[in-house]
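Structure at a glance
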Amino acid sequence: MKSMDADSVRHAIVRPVPDSYDRCIRTNREKIDVALAKRQHAEYCRALQKLGLNLIWIRGDNTLPDSCFVEDTAVVFGEKAVICNMRVKSRANEVTEVAKAMEELKNMYRIKPPATIDGGDVLRIDDRVFVGISARTNLHAVSQLKKILENSRMNVVPVKVHKVLHLKSACTYLGNEVVILSRGCFDTNVLQGLRKIIVPRGEEYAADCLAVNETVLIAKGHPETRKLVEKEGFRVEELEISEFRKGDGALTCLSIIL
Ligand code: CIR
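What comes next concerns the included structure. Counting of residues starts from 1 at the beginning of each chain's written sequence and follows it residue by residue. This being a predicted model, a pLDDT of at least 70 is required before a residue's local features are given, and a value of 80 or more before pairs of side-chain atoms are given or counted; all residues contribute to the totals for chains, interfaces and linings. The side-chain quantities take in all heavy atoms of the structure and omit both hydrogens and water.

1. What to know about the site of the ligand
The cutoff for a nearby residue is simple: one of its non-hydrogen atoms must lie within 4 Å of the molecule or strand. Around the ligand sit 14 residues, and of these Ile25, Asp66, Glu71, Asp72 and Arg91 come closest. Interatomic distance of 2.7 Å between a side-chain N/O atom of Asp66 and a nitrogen atom of the ligand. Here a nitrogen atom of the ligand sits 2.8 Å away from a polar atom, N or O, in the main chain of Gly247. Side-chain classes are defined by residue name, with Ala, Val, Leu, Ile, Met, Phe, Trp, Tyr, Cys and Pro counting as nonpolar, Asp, Glu, Lys and Arg as charged, and the others, Gly among them, as polar. Broken down by class, the residue content of the shell around the ligand amounts to four nonpolar, four polar and six charged. In protein, a polar contact means a hydrogen-donor-capable atom and an acceptor-capable atom, both N or O and within 3.5 Å, with residues adjacent in sequence counting only if both atoms are side-chain atoms; elsewhere, any N or O pair within 3.5 Å suffices.

2. Quick notes on the environment of Glu224
Numbering of helices and strands runs from the N terminus; a helix is a DSSP stretch of H or I covering at least four residues, while a strand is a stretch of E covering at least two. Here Glu224 lies in helix H6 (residues 223-231). In what follows, a contact means two residues having at least one pair of non-hydrogen atoms within 4.5 Å. Those residues in contact with Glu224, other than ones at most four positions away along the chain, are Pro200 and Glu203.

3. Here we look at the sheet that holds strand S15 (residues 256-257)
Strands are treated as partners if at least two bridges between them are detected by DSSP. Across the sheet, which stays open at both edges, the three strands sit in the order S2-S1-S15 with mixed pairing between neighbours. Edge positions in the sheet fall to strand S2 (54-57) and S15, since each of these pairs with one other strand and no more. Alignment of strand S1 (residues 11-14) against S15, held across two bridges, turns out to be antiparallel. Bridge pairing links Ala12 to Ile257 in S15.

4. Regarding the sheet that holds strand S8 (residues 155-160)
With mixed pairing, the three strands of this open sheet are ordered in space as S6-S7-S8. Every other strand in the sheet has two partners, leaving strand S6 (122-125) and S8 as the edge strands with one partner each. Recorded for the sheet is a direction-independent mean angle of 25 degrees between the axes of neighbouring strands. Taken together, the six bridges between strand S7 (residues 128-133) and S8 define a ladder with parallel strand orientation. Its bridge partner being in S8, Phe130 is matched across the sheet by Val157. Note on geometry: axes are lines fitted to C-alpha atoms, helical ones only across the stretch in contact, with angles between N-to-C directions running from 0 to 180 degrees. Where helix H4 (residues 139-148) meets the sheet, its contacts fall on S7 and S8, and the angle it forms with S8 comes to roughly 170 degrees.

Shown next as structure tokens:
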């Protein structure tokens, strides 16, 4: 099986669920159980470790309610780390501690105003980098990303996103040239040459999967999606992430895989 990335996957950056997590930005009003979110996060971290990843912890911060959604703060391309400029003000300071960690690990670049971008809008598939143009991410960010990656032989492609928060809320890469997606959120013609798993109606949330070393983590309670992913030859593990769903987050949002 072809790996997800030319670089071998070895580390995952994660950040604790803050005590203030129930004040995160979100579109629904279901009550969030912060203690349960912390337990679900611990399970998530254990799953990553079991799949062979070494965890790199960013210091927790109770003044940043969304800070466990660390994916949105930075995007890594091999030896380059791009620190995001996050559009939502209450999240903007999340990047500070992440940038300190990245400085130790990678060559660091920053997306600067007027560009805004959340990491959840960046979907890398081998040498293609799809960037969701969403409520959080704009075309200025695409231009800056192109510059940062100009010698990297990567093609940066903007993709207009509808109905969901980020591009990766609707589409993720499983490796081995297979993507999983939910219909109606972006123009899927951009995914030429890839095999596509379309999540069944009612299971749209399961399109945000996290593939690690050829195992696919999916959100618990999406049996039809599980079958489709297994049919493509992947090993599947389900994780309960109900409290992150209530905060408009999903599996990829809780880590940055290096
Ligand atoms: C937000 O609205 O920014 C957070 N409550 C959820 C962010 C989820 N992140 C992601 O999908 N990459």
